[in-house]
Number of protein chains: 2
Amino acid sequence: MKIDVSKPILELNDNIAADNRNLLDKHKVFVLDLMASPGSGKTSLILKTIESLRERYNIAVIEGDIASDVDSQRIKEQGIPAVQINTGGACHLESQMIKKALSVLELNKLDLIIIENVGNLVCPTDFYLGENDKVMILSVPEGHDKPLKYPGVFQASSAIILNKVDTMPVFNFNEREFRGSVSQLNPEAVIFPVSAKTGSGIELWSQWLSDRIEKARQSWG
Amino acid sequence: MKIDVSKPILELNDNIAADNRNLLDKHKVFVLDLMASPGSGKTSLILKTIESLRERYNIAVIEGDIASDVDSQRIKEQGIPAVQINTGGACHLESQMIKKALSVLELNKLDLIIIENVGNLVCPTDFYLGENDKVMILSVPEGHDKPLKYPGVFQASSAIILNKVDTMPVFNFNEREFRGSVSQLNPEAVIFPVSAKTGSGIELWSQWLSDRIEKARQSWG
């Protein structure tokens with residue numbers, strides 16, 4: 001019932017991702033791969049994270065979209081370097097695309113690159129890009145049952161950002177049930193309830209990211 | 001930058017989809033392929049559609065999910081036959097999976113099959129399953145800019161359901177901009193603003209679907 005073409009593609013992808021990682025280690029650049037559904041607030045969350053961390057770190061953004069450059073425009077308006085990748089029809093970023101994006105960024109001037117993956121809770125999960133951490137966003141309107149339906153992305157994420165918590169009263173989002181499902185799938189994952197609109201919770205999330213960057217720096221020496 | 005494995009897979013898929021279509025024509029069964037992001041309200045919309053059309057048509061549902069059977073359970077509770085397909089990791093349904101699902105349904109007793117595709121705005125677009133129409137749902141919290149970012153799914157859809165319109169006041173959803181983008185991508189597509197929660201707009205949408213079924217029946221003679 002399934003045609004397995006994934007293995008050779010994933011192997012090729014992982015080899016190039018390892019090259020990306022070597023290059024990033026050399027320049028001591030931390031990379032975050034941010035995954036989420038369409039419309040969960042990825043770009044808004046990135047903008048808030050930049051606001052919170054731009055004094056401490058030099059940041060760049062790689063924007064992955066099927067089409068359009070509206071997201072990278074929003075980032076550039078904040079004076080932050082942004083590379084737009086349009087995947088054509090592809091539902092996820094691959095390491096080869098990131099390799100190309102890295103080649104146009106001034107890595108020796110950067111501390112942190114945030115990759116905004118294509119809006120999709122399935123495909124980006126399996127593709128290692130050379131990142132330090134994968135993190136996902138789930139937004140409250142998507143519903144608390146999503147860990148049951150898309151377990152892979154919840155398992156692949158070091159942290160889970162629960163966005164649009166300001167809309168909790170409008171939706172019947174059962175946070176307790178959500179946390180229960182997540183902890184069954186991925187007991188290590190930290191959950192950050194935030195609102196990229198009001199700014200609530202952004203500080204805690206940014207602190208976690210900053211801690212991860214500092215930990216990577218220690219390993220680089 | 002892209003590895004093209006899609007062509008042979010799509011050809012194989014289309015051949016089996018054509019077999020599905022022949023079988024469905026023989027039994028005069030109309031099939032709707034419903035596509036949307038995770039959490040846009042696909043199952044709730046299907047339940048409302050069933051409520052509205054069950055007096056007129058015998059309906060069954062094919063539920064596609066990466067994992068879990070919570071959605072097909074909700075359908076079965078309404079006394080409607082439902083087949084659950086768990087794709088494992090796959091981000092879309094393929095015609096071979098539908099073929100298997102059709103083999104366990106009593107086609108001679110059915111008028112309408114609604115397929116709930118995997119929650120994903122990208123991958124389901126390219127896969128013909130043997131359906132009469134592809135229809136998509138966008139929910140208000142996802143934002144009015146989605147046609148720009150996911151043009152393929154908007155182009156593939158005969159109708160576009162704009163769900164969760166009861167939450168318009170909470171989100172800055174610009175309906176005018178949304179309609180403008182849709183009409184540029186797909187001038188033929190009909191847009192149905194609905195709320196699967198309150199029931200608003202469901203009647204107009206159901207009427208459209210009913211018209212499509214009647215039109216197909218005329219072609220079957």
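Heads up: the structure comes first, above all this text.
Residues numbered from 1 in each chain as written. Chains lettered and ligands numbered in written order. Predicted model: local features only at pLDDT ≥ 70, side-chain atom pairs only at ≥ 80, totals over all residues.

Chemist: Looking at this structure, how should I read the overall build of chain A?
Modeler: Within chain A, the regular secondary structure consists of eight helices and seven strands. Relative to its length of 221 residues, chain A is compact, with a C-alpha radius of gyration of 17 Å against a globular reference of 17 Å. The principal-axis extent of the C-alpha atoms belonging to chain A is close to 50 × 45 × 35 Å. Each of the 221 residues in chain A was classed as buried or not, and the buried ones make up 49%. Restricting to contacts in chain A with at least 6 residues of sequence separation, those with at least 24 account for 75%. (Helix = DSSP H or I, 4+ residues; strand = E, 2+ residues; numbered from the N terminus. Rg over C-alpha atoms; globule rule 2.2 N^0.38 Å. Buried ≥ 20, exposed ≤ 12 C-beta atoms within 10 Å, placed from the backbone. Contact = placed C-beta atoms within 7 Å.)

Chemist: Sorry, what's going on with the sheet that holds strand 2 (residues 59–65) of chain B here?
Modeler: Whenever strands of a sheet pair, they do so through backbone hydrogen bonds, lying parallel or antiparallel. Residue and element names in this part refer to chain B. Within the open sheet, the seven strands sit side by side as 3-2-4-1-5-6-7. Their pairing is parallel. Edge positions in the sheet fall to strand 3 (82–86) and strand 7 (190–193), since each of these pairs with one other strand and no more. For this sheet, the mean angle separating the axes of adjacent strands, direction not counted, is 20°. Strand direction decides the pairing type here: strand 2 and strand 3, joined by five bridges, are parallel. Note on strand 3: the bridge partner recorded for Ile 62 is Val 83. Packed onto the sheet, helix 2 (residues 42–53) meets strand 1 (30–36), strand 2, strand 4 (112–116), strand 5 (133–139) and strand 6 (159–163) and runs at close to 170° relative to strand 4. Docked against the sheet, helix 8 (residues 202–220) engages strand 1, strand 4, strand 5, strand 6 and strand 7, running at close to 140° with respect to strand 7. (Pairing = 2+ DSSP bridges. Axes fitted to C-alpha atoms, helices over the stretch in contact; angles between N-to-C directions.)

Chemist: Can you walk me through the sheet that holds strand 7 (residues 190–193) of chain A in this structure?
Modeler: Residue and element names in this part refer to chain A. Strand order in the open sheet formed by seven strands is 3-2-4-1-5-6-7, and the pairing between neighbours is parallel. Each having just a single partner strand, strand 3 (82–86) and strand 7 make up the two edges of the open sheet. Shown here is a sheet whose adjacent strand axes are inclined to one another by a mean of 20°, direction ignored. In terms of strand pairing, strand 2 (residues 59–65) meets strand 4 (residues 112–116) through five bridges, oriented parallel. Following the sheet pairing, Ile 62 is matched in strand 4 by Ile 115. The strands that helix 8 (residues 202–220) touches are strand 1 (30–36), strand 4, strand 5 (133–139), strand 6 (159–163) and strand 7; relative to strand 7, the one it contacts most, it runs at about 145°.

Chemist: Even after reading the chapter, I still don't get the interface of chain B and chain A, so can you show me in this structure?
Modeler: Bring the parts together and some accessible area is lost; that lost area is often taken as the interface size. Listed per partner, the contact involves 40 residues of chain B and 40 residues of chain A. Mapped by element, the contributors of at least two residues to the side of chain B that touches chain A are helix 4 (95–103), helix 5 (146–149) and helix 6 (151–156) of chain B. Its residues assigned to classes, the side of chain B that touches chain A comprises 20 nonpolar, 12 polar and eight charged. (Nonpolar A, V, L, I, M, F, W, Y, C, P; charged D, E, K, R; others polar.)

Chemist: Could you clarify how one ought to interpret the relation of the copies chain B and chain A in this entry?
Modeler: Both copies of the chain are related by one operation, a rotation about an axis with a shift along it. Of the two same-sequence chains, chain B is brought onto chain A (RMSD 0.0 Å, axial shift 0.0 Å) by a rotation of 180°. Taken together, the rotation and translation describe the operation of a two-fold axis. In this assembly, 100% of the residues forming the interface of chain B have copies in chain A that are likewise at the interface, indicating an isologous arrangement. (Least-squares fit on C-alpha atoms with pLDDT ≥ 70 in both.)

Chemist: Looking at this structure, how should I read the pairing of strand 5 of chain B?
Modeler: Remember that side chains alternate between the two faces of the sheet whenever the strand is regular. Residue and element names in this part refer to chain B. The buried count for strand 5 comes to six of seven residues, which makes it a mostly enclosed element. In this structure, strand 1 lies alongside strand 5, joined through five bridges in parallel fashion. Across the sheet, Leu 32 pairs through a bridge with Asp 133, a residue of strand 5. Examined bridge by bridge, strand 5 and strand 6 share five bridges and lie parallel to one another. Counterpart to Leu 138 in the pairing with strand 6 is Leu 162.

Chemist: Hey, could you run me through the environment of Asn15(B) in this one?
Modeler: Residues and elements named next belong to chain B. Note on placement: Asn 15 falls in helix 1 (residues 6–26). Classification of Asn 15 by C-beta neighbours within 10 Å gives exposed; the count is 11. The spatial distance from the C-alpha of Asn 15 to the C-alpha of Lys 99 is 11 Å, given a sequence separation of 84 residues.

Chemist: What should I look at first to understand the nonpolar core in this one?
Modeler: A general trend in soluble globular proteins is that nonpolar side chains are found buried together. Counting 130 residues, the largest nonpolar core has Ile115(A), Ile161(A), Ile115(B) and Ile161(B) as its most contacted members. Dropping the residues within four chain positions of it, Ile115(A) is found in contact with Val31(A), Leu32(A), Asp33(A), Leu34(A), Ile62(A), Gly64(A), Leu93(A), Ile98(A), Leu129(A) and Glu131(A). (Core = buried A, V, L, I, M, F, W, Y, C linked by C-beta atoms within 7 Å.)

Chemist: Just checking my understanding: could you explain the environment of Leu24(B) for this structure?
Modeler: Assignment of secondary structure puts Leu24(B) in helix 1. Residues Leu24(B) and Leu102(B) lie 78 residues apart in sequence; the distance between their C-alpha atoms is 8.8 Å.

Chemist: It is not clear to me how unusual backbone geometry should be interpreted in this structure. Could you clarify?
Modeler: Comment: phi is negative for the bulk of residues other than glycine, and the bulk of peptide bonds are trans. Residue and element names in this part refer to chain A. You will see that Lys 28, though not glycine, has its phi angle at about 55°, which is positive. Judged by local crowding, Lys 28 falls into the partly exposed class, with 16 C-beta atoms found within 10 Å. Backbone geometry places Ser 68, a non-glycine residue, at a positive phi of 75°. For Ser 68, the position within the fold is in the loop between strand 2 and helix 3 (70–76).

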